[in-house]
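Secondary and tertiary structure notes
Next come the chains, spelled out residue by residue.
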Amino acid sequence: MSRDISFWRKVGYIGVIVLLLFPLFWIGQPATRTATGSNPGGVLSQLRAQNNLSQAELGEIDPAGESIKLATLGLRGVAANLLWEKSFEYKKKEDWEGLSATLNQITKLQPNFITVWEHQSHNLAYNVSVEFDDYRMRYHWVKKGIDFLAEGIRKNRENPRLLHYTGWITGQKIGRADEHVQFRELFRQDTDFHDSLNSEVPVDKGHGWDGRPDNWLVGQLWYQRAERALDAGMVLKGKSPLIFHADNPMSLINYSTTIEEEGVLGQTAQQSWYEAGLGWTQYGRLQIPTSWGHNVRLGEYDQVNDDIDRMRERLEQFAPGVREQIRQEKIAQLEPELRTALDIPEEQLTEDNYRQHSEAVLQTRVTHREVAERVPDTNRASAIRLAERLNDQELMSSRISHYRSIVNYDYWAIRCEAEQTKTAVDAREFLYKAQQAHDAADLETARTLYEASWHQWRKIYDQYPRLMDDISAEDLANAIKRYQRLLQQLDEEVPADFPLVDLVRKSQERDDSLKELYQQLGDPLETDEEPQEMEPAAEKPAAEEKEPSEQPQPDEAQPGTAGDMPDTPDAAAQAEPSQPAGQPEADEAQPAVAEPKAEPSASEATPATP
C-alpha cells in the first residue's frame, strides 16, 4: 500500500512540474519576428523591451555569450566569480594568454556589468603592461586595454562611463607613463591601431601639430563621444558630472603642456593654448548637475557675486545703518571674555583664544533677514523677499566656488590666458634654447639665454602671480638650479638682483640647494633700473620655423627627455593652424640675444634631438 502512495505522489509531482512549464513558457517566451509580422513575446520579454533591458537595446548580441549563459543553468554569477579568481591566478603566474582567455569568458557571462570592463581594462593597461621590460611590449598591453574597452562599448551601446574611461587610458596612460616619450611616438606611428580605432572615433580629427594622431587629442575624441551619448539621453552612473565634463578641455591643456615639454614652441604652442582656453571657457558655460539637486555654471561665479553686491547695496538702502546697529547690540550682549576675544586681530590669534574669537564672530553675525525685519512697514515685505533672494544667491556662490576649487577652475583659466601671451612664448623659447646650449657645453650662450628667460618669467609672474604656485614653477626652479651650476662652472655666483628670488623663496623649503641660494641672495636688491632687455633681431616668419630633420627612434629616446620630434623638416610649418580672429599675435618680433657670436633669435630656435 505504501508503495502505491509513493508512486502516485511522484506522479503528482511530475504533473505539477509539467503544468508549471506552461505559465513559465508564457511568461518567458522570447520575442520573434517573421515575414508576416512580429510577436512581442512573453511578459518578461515585453518588460525588457519597455525598459530597454534586452541585449538588443543594450548593445550587440553575442551568440556565443548567450549560449554560455544558458549552459550555466542559472549559475552565471557563481561561474563569473570563479573566473575572476582564475584571472587573478593567471596574473600571478604571468600566464598572459590564459589571462586574456579568462577575461574573454567573463565578458561573455557578464557583458553588461560595466565594472568588469573598467576593472579588467585597467588591469591590462596598468598592471599587466608593467610586467614587461621592453616598452614595446608594455605599449602592446596598453593597446589591449583600449581594445578591451572598445569591445565593452560595442556590448554596451554608447555607455558614457566606458567611453570616458577609454579616453582616459588613451590620454593619461600613454601621455603620463614613465615611457610616455616612447609611447607617444609609437602611438603616432601605429597606423594599424589607428585604422581599428576609426570604426569608433574619427582618428583623423585627432591629429597633432605634426599631422599625425596625438594620444591626447584622440583621447579628447572619446570624451566628446561620451558627452554626445549623455546628451542623447544615456544615464551617467558612478561618475561625477563635474569631472566627467572637465576631462574634455583638459585634454587640450595636457596636449599644449606636452608639446611645449617636447620643444614645440612659438606660434604652434600659442595656437594650442588658445584652443585650450576656448575649450575651458566652454566648459564654464555648461550646466553641471550637483549633489544638491540643481545645476551650476562654473563660469557664472563673477556674475553671481556681482548680483550679490547689487542686492546687498539695495538692502542697505532700505535700512541705512541698521546692520551695524544690530551688530553693536549683539556685541553689547556678549560675555566680557568673548567681547575681548572679538577685538583680537586675526594675525594675533593663538590656539587659546581662537575658539572664543570664532564664537564671538558667530554670535555677532547679522543676517539679511534681521536687517529686512527692521525696514519700515512700507518696504518691509519687499526687503524680506530681497533678503531671501540674497541668501539664495550667496548659497549659489558658495556652491559654485566649491565646485570650481575641485577642478582648479581659476588656475587653468589663468594658465590658458597667460600661455597665449608673447611674453610666455619668449620665456619658454629662451629657456629651452638655454638648456640646449647648456647641454652642448656652450656656457656663455646658455647663461645669456637663461638670463633673458628670467626677465620674461618675471613679467609673467608680475601679471599672473597665481602661476607661481603651479607645478610648472617647480620645473622652473629646477632650471634655476641648472643656471646656478652653470655659474659655478664659470666661477661666478647668482647675481644679487636675480629676478626670480621670490620663486626661490617659495621653493626653498622643498630643496636644500635652493634654500642655500636664497640665504645667499636674501631679499632682492632695491633698484630703480629696469632689467636690461635683449635687443630684437631679425626673425623669420613663423611659417619658416625649422624643426630637426632627424627623428629619434623609440628605442633611442630616454624617458623625460625632449624627444618625439617630427621626422620631416617642414612638419611644423605644414601643420601650422590658421590664426583665429582675436587671438594674440604670435609672429611679433621676438627678443634675441646680443652676443659677439652669431646667435639665432628665439623664433629661429629649433629643439635639438636628444
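The structure presented is a predicted model; accordingly, all values stated were derived computationally and were not measured.

Here the focus is the overall build of the chain. Broken down by element type, the chain carries 27 helices and four strands. Counting all 610 residues of the chain, 46% fall into the buried class. Of all intrachain contacts in the chain linking residues separated by at least 6 positions in sequence, the fraction that spans at least 24 positions is 69%. Approximately 32600 Å² of the chain is accessible, and the part contributed by carbon and sulfur atoms is 51%.

With that settled, consider a negative patch on the surface. Judged by side-chain charge, Asp 302, Asp 306, Asp 309 and Glu 313 come together as a negatively charged surface patch. Structurally, Asp 309 can be placed in helix α15 (residues 301–318).

Moving on to the pattern of salt bridges. Under the criterion given, the structure shown has 37 salt bridges. A salt bridge links Arg 184 to Asp 214, with the nearest nitrogen and oxygen atoms 2.8 Å apart. Within this pair, whereas Arg 184 is found in helix α10 (residues 180–189), its partner Asp 214 is found in the loop between α11 (191–197) and α12 (215–231), the two being separated by 30 residues in sequence. Judged by its relative accessible area of 1%, Arg 184 is buried. Judged by relative accessible area, Asp 214 falls into the buried class, the value being 3%. Across the salt bridge formed by Glu 200 and Arg 225, the nearest N and O atoms sit 3.0 Å from each other. Remark: Arg 225 occurs in helix α12 and Glu 200 occurs in the loop between α11 and α12; sequence separation between them is 25 residues. Counted as one network, the salt bridges with shared partners bring together Arg 184, Glu 185, Arg 188, Asp 210, Arg 212, Asp 214 and Glu 262.

Now for the packing of aromatic side chains. We describe a pair of aromatic rings using the distance from one ring centre to the other and the angle between the two ring planes. Enumeration over the complete set of coordinates arrives at 16 aromatic pairs. With centroids separated by 5.6 Å and ring planes inclined at 15°, the aromatic side chains of Tyr 450 and Trp 454 adopt a geometry described as stacked. Linking Tyr 450 with Trp 454, this pair stays in helix α23 (residues 443–463), spanning four residues, or about one helical turn. The pair formed by Tyr 450 and Trp 454 is uniform in burial state, with each residue classed as buried. Ring pairing ties together the aromatic residues Tyr 450, Trp 454, Tyr 483 and Phe 498, which thus form one cluster. The ring of Phe 193 is capped by Lys 143, whose NZ or CZ atom sits 5.4 Å from the centre of that ring. If you follow Lys 144 out to its NZ or CZ, it ends over the ring of Trp 141, 5.3 Å from the centre.

Taken together, the side chains of Val 16, Ile 17, Leu 20, Leu 21 and Leu 24 present a nonpolar region at the surface, about 490 Å² in accessible area. Mapped onto the elements of the fold, Leu 20 is located in helix α1 (residues 2–28). Given a relative accessible area of 48%, Leu 20 falls into the partly exposed group.

Turning to the environment of Phe 430, a few remarks are in order. The residue Phe 430 is located in helix α22 (residues 422–439) in this model. Using a relative accessible area of 0% as the deciding quantity, one classes Phe 430 as buried. As for Phe 430 and Ser 453, which are separated by 23 residues in sequence, their C-alpha atoms are 5.1 Å apart.

Bringing the side chain of Glu 118 into the picture now. If you trace the backbone, Glu 118 turns up in helix α7 (residues 114–128). With a relative accessible area of 16%, Glu 118 lands in the buried category. Discounting chain neighbours no more than four positions away, the residues touching Glu 118 are Arg 161, Leu 162 and Tyr 165.

With that settled, consider the nonpolar core. Residues Tyr 283, Trp 454, Trp 457, Tyr 461, Ile 480, Phe 498 and Leu 500 are the most contacted members of the largest nonpolar core, which totals 79 residues. Top contributing element to this core by residue count: α23, with nine residues. Not counting chain neighbours up to four residues away, the residues in contact with Tyr 461 comprise Leu 467, Met 468, Ala 473, Leu 476, Leu 500 and Leu 503. Among the nonpolar cores identified, the runner-up in size contains 44 residues, and Leu 83, Trp 96, Val 128 and Phe 244 belong to it.

Next up on the list: the environment of Glu 370. Note on placement: Glu 370 falls in helix α19 (residues 368–372). Through-space distance from the C-alpha of Glu 370 to that of Ile 384 is 9.0 Å; in sequence the pair is 14 residues apart. Apart from residues lying up to four places away in sequence, Glu 370 is in contact with Ile 326, Lys 330 and Arg 365. A polar atom in the side chain of Glu 370 sits 3.0 Å from the side chain of Lys 330.

With that settled, consider helix α14 (residues 266–285). For α14, which comprises 20 residues, the first-to-last C-alpha distance of 29 Å matches the rise-based estimate of 28 Å (1.5 Å per residue) to within 8%. Judged by how many residues are buried, α14 sits mostly within the fold: 14 of 20 residues are covered.

The pLDDT averaged across the chain works out to 80; a share of 77% of its residues lies at or above 70. Under a pLDDT of 50 for its full length, residues 524–610 has, in the predicted model, 167 contacts with residues more than four places off or in other chains.

On to the environment of Gly 208, then. Mapping Gly 208 onto the fold places it in the loop between α11 and α12. With a relative accessible area of 13%, Gly 208 lands in the buried category. Expressed as a C-alpha distance, the spacing of Gly 208 and Ser 272, which sit 64 residues apart in the sequence, is 9.5 Å.

Let us look at the packing of helix α9 (residues 160–176) against α12. A packed helix pair is summarised by two numbers, namely the angle formed by the two axes and the spacing between the axes. Between α9 and α12, whose axes approach to 8 Å, the crossing angle comes to 165°. What the angle tells us is that α9 and α12 run roughly antiparallel. Both α9 and α12 take part in a crossing whose hand is left-handed. Residues Pro 160, Leu 163, His 164, Thr 166, Gly 167, Trp 168, Thr 170, Gly 171, Gln 172, Ile 174, Gly 175 and Arg 176 of α9 form the contact with α12, whose participating residues are Asn 215, Trp 216, Val 218, Gly 219, Trp 222, Tyr 223, Arg 225, Ala 226, Ala 229 and Leu 230. Classifying every residue of the contact of α9 with α12 gives eleven nonpolar, nine polar and two charged.

A few words now on the packing of helix α21 (residues 409–419) against α22. For the pair α21 and α22, the least separation of the axes is 6 Å and the interaxial angle reads 80°. One finds that α21 runs roughly perpendicular with respect to α22. Contacts from Arg 415, Ala 418 and Glu 419 of α21 reach α22 at Ala 424, Val 425 and Arg 428. Grouping the amino acids of the contact of α21 with α22 by side-chain chemistry returns three nonpolar, no polar and three charged.

Cut-offs and rules
Residues numbered from 1 in each chain as written. Predicted model: local features only at pLDDT ≥ 70, side-chain atom pairs only at ≥ 80, totals over all residues. Heavy atoms only, no water. Helix = DSSP H or I, 4+ residues; strand = E, 2+ residues; numbered from the N terminus. Buried < 20%, exposed > 50% of the residue type's maximum accessible area, 1.4 Å probe, protein only. Contact = heavy atoms within 4.5 Å. Areas by Shrake-Rupley, 256 points an atom, 1.4 Å probe, with all protein chains shown as cover. Patch = residues over 30% accessible without salt bridge, like charges linked within 9 Å, V, L, I, M, F, W, Y side chains within 5 Å. Salt bridge = Lys/Arg side-chain N within 4 Å of Asp/Glu carboxyl O. Lys, Arg positive; Asp, Glu negative; His and termini not counted. Charge placed at Lys NZ, Arg CZ, Asp CG, Glu CD. Phe/Tyr/Trp six-rings, centres within 6.5 Å; stacked < 30°, edge-to-face > 60°. Lys NZ or Arg CZ within 6 Å of the ring centre and 35° of its normal. Core = buried A, V, L, I, M, F, W, Y, C linked by side-chain atoms within 4.5 Å. Polar contact = N/O pair within 3.5 Å; in protein donor to acceptor, adjacent residues only side chain to side chain. Expected span 1.5 Å × (residues − 1). pLDDT = per-residue confidence, 0-100. Axes fitted to C-alpha atoms, helices over the stretch in contact; angles between N-to-C directions. Parallel < 35°, antiparallel > 145°, perpendicular 65-115°, else oblique. Left-handed = near helix turned anticlockwise from the far one by under 90°. Nonpolar A, V, L, I, M, F, W, Y, C, P; charged D, E, K, R; others polar.

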